[in-house]
Amino acid sequence: MARLSILPAITESFMSFKKWRNILIVFLLLVLALVGIVNYMVVNDTKDQIYRDVNAIPKNKVGLLLGTAKYMDKAKNIINPYYQYRIDAAVALYMAGKIDYVIVSGDNSTQYYNEPLLMKRDLISKGVPEGRIFFDNAGFRTLDSILRCRDIFGQTKFTVISQAFHNERAIYIANRKNVTTVGFCAADGDAYISEFIREKMARVKMMIDLLLNKQAKYYGDKVEIK
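Residues numbered from 1 in each chain as written. Predicted model: local features only at pLDDT ≥ 70, side-chain atom pairs only at ≥ 80, totals over all residues. Heavy atoms only, no water.

Got a minute to help me understand helix α5 (residues 164-175) in this structure?
Because each turn of an α-helix spans 3.6 residues, side chains separated by three or four positions end up pointing in the same direction. Here α5 is twelve residues long and its end C-alpha atoms lie 16 Å apart, about the 16 Å a rise of 1.5 Å per residue gives. Burial within α5 is extensive, with eleven of its twelve residues counted as buried. Along α5, the residues that are buried comprise A164, F165, H166, N167, E168, R169, A170, I171, Y172, I173 and A174. (Helix = DSSP H or I, 4+ residues; strand = E, 2+ residues; numbered from the N terminus. Expected span 1.5 Å × (residues − 1). Buried < 20%, exposed > 50% of the residue type's maximum accessible area, 1.4 Å probe, protein only.)

Can you walk me through the sheet that holds strand β4 (residues 133-136) in this structure?
Two strands in a sheet stick together by hydrogen bonds in their backbones, pointing the same way (parallel) or opposite ways (antiparallel). Across the sheet, six strands lie side by side as β1-β6-β5-β2-β3-β4; this open sheet has parallel pairing. Only two strands of the sheet have a single partner each, and these edge strands are β1 (50-51) and β4. Where β1 and strand β6 (residues 180-186) come together, two bridges link them in parallel fashion. Bridge assignment links Y51 to a residue of β6, and that residue is F184. Along the sheet, helix α4 (residues 142-151) contacts β2 (62-66), β3 (101-105), β4 and β5 (157-163); its crossing angle with β2, the most-contacted strand, is approximately 160°. (Pairing = 2+ DSSP bridges. Contact = heavy atoms within 4.5 Å. Axes fitted to C-alpha atoms, helices over the stretch in contact; angles between N-to-C directions.)

Would you take a moment to explain the environment of I87 for this structure?
Topologically, I87 is positioned in helix α2 (residues 81-95). In the structure, I87 is positioned 35 residues away from D122 in sequence and 7.2 Å away in space, judged by C-alpha atoms. In this view, I87 contacts L65, M119, D122, L123 and K126; residues no more than four positions away in its chain are not counted.

Can you walk me through the packing of α2 against helix α3 (residues 115-125) in this structure?
A packed helix pair is summarised by two numbers, namely the angle formed by the two axes and the spacing between the axes. With their axes 10 Å apart at the nearest point, α2 and α3 run at an angle of 50° to one another. Between α2 and α3, the crossing angle belongs to the class labelled oblique. Seen along the crossing, α2 lies across α3 with a hand that is right-handed. For the pair α2 and α3, contact is made by Y83, I87, A90 and V91 and by L118, M119, D122 and L123, respectively. Looking at the contact of α2 with α3 residue by residue, the classes come out as seven nonpolar, no polar and one charged. (Parallel < 35°, antiparallel > 145°, perpendicular 65-115°, else oblique. Left-handed = near helix turned anticlockwise from the far one by under 90°. Nonpolar A, V, L, I, M, F, W, Y, C, P; charged D, E, K, R; others polar.)

Teacher, can you tell me more about the packing of aromatic side chains here?
Any two aromatic rings considered together are summarised by their centre-to-centre distance and by the angle between their planes. Scanning all chains against the criterion turns up three aromatic pairs. Taken together, a centroid distance of 6.2 Å and an interplanar angle of 70° make the contact between Y82 and F165 edge-to-face. Taken as a pair, Y82 in helix α2 and F165 in helix α5 lie far apart in primary sequence, 83 residues in all. By the burial criterion, Y82 is buried, and F165 matches it. Judged by centre distance (5.9 Å) and plane angle (65°), the rings of F140 and Y218 are edge-to-face. Of this pair, F140 sits in the loop between β4 and α4 while Y218 sits in the segment after α6 (192-211), and the two are 78 residues apart along the sequence. Since its relative accessible area comes to 45%, Y218 is described here as partly exposed. Positioned above the aromatic ring of Y101 is the side chain of R132, whose terminal nitrogen or guanidinium carbon lies 4.8 Å from the ring centre. Between the NZ or CZ atom of R176 and the centre of the ring of Y172, over which it lies, the distance is 3.6 Å. (Phe/Tyr/Trp six-rings, centres within 6.5 Å; stacked < 30°, edge-to-face > 60°. Lys NZ or Arg CZ within 6 Å of the ring centre and 35° of its normal.)

Even after reading the chapter, I still don't get the pattern of salt bridges, so can you show me in this structure?
Oppositely charged side chains are able to pair whenever their charged atoms sit close together. Applying the stated criterion to the full structure yields 14 salt bridges. Across the pair R176 and D45 runs a salt bridge whose closest N-O atoms are separated by 3.2 Å. Here D45 lies in helix α1 (residues 2-46) and R176 lies in the loop between α5 and β6, a separation of 131 residues in the sequence. Salt bridges here are not isolated pairs; linked through shared partners, they connect R141, D144, K205, D209 and K214. (Salt bridge = Lys/Arg side-chain N within 4 Å of Asp/Glu carboxyl O.)

Any chance you could explain a nonpolar patch on the surface here in plain terms?
Taken together, L24, F27 and L28 make up a surface patch of nonpolar side chains, about 310 Å² in accessible area. Positionally, F27 belongs in helix α1. (Patch = residues over 30% accessible without salt bridge, like charges linked within 9 Å, V, L, I, M, F, W, Y side chains within 5 Å. Areas by Shrake-Rupley, 256 points an atom, 1.4 Å probe, with all protein chains shown as cover.)

Keep in mind that these numbers describe shape and distance, not what the molecule does.
In structure tokens, the structure reads:
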């Protein structure tokens, strides 16, 4: 009889588990659908503005080089290929006469971490004149970089330089901020799967930021490029 009295409790627990399992499955399916829809919107909206051939891309006065960490390890022995390929892409554009100036935009939040400074040094080492490089030390997010290029540096038409997946997101933002852009795609690194997953979530976050009309974290004095 004792075993029979436990049966309803077990049945109730099982039904409760099935209920929450089904809710979780529905939630995950909705998230996947949202990610898929957002990804389609971004790719479809920007596909005609993405270039991989330096000879085919139209010329713009300014290239916006989007930052990322230079090193993959704390000892600073391993160069991040995503960083290196972006530097190479910016140099290729400049040497081909497809841009006249480079804005290096990245995180400079502490004295120990300065993406723009590292990018500038590496561009100079590869032949880009120092006077052709401008700092954007408050490019904490892609949104910040686009808005600051427009509002601080006065550019409403420029070339975005990063990997293809990043360029698509940057150009999608620019298309909604009255900015005309094309993207020049650097080669991909070797962490493609992790970057692919992170990028898909970043696109959803981007949509939320656009809906909320998020602004750059910092603005400041205008910089004239001439």
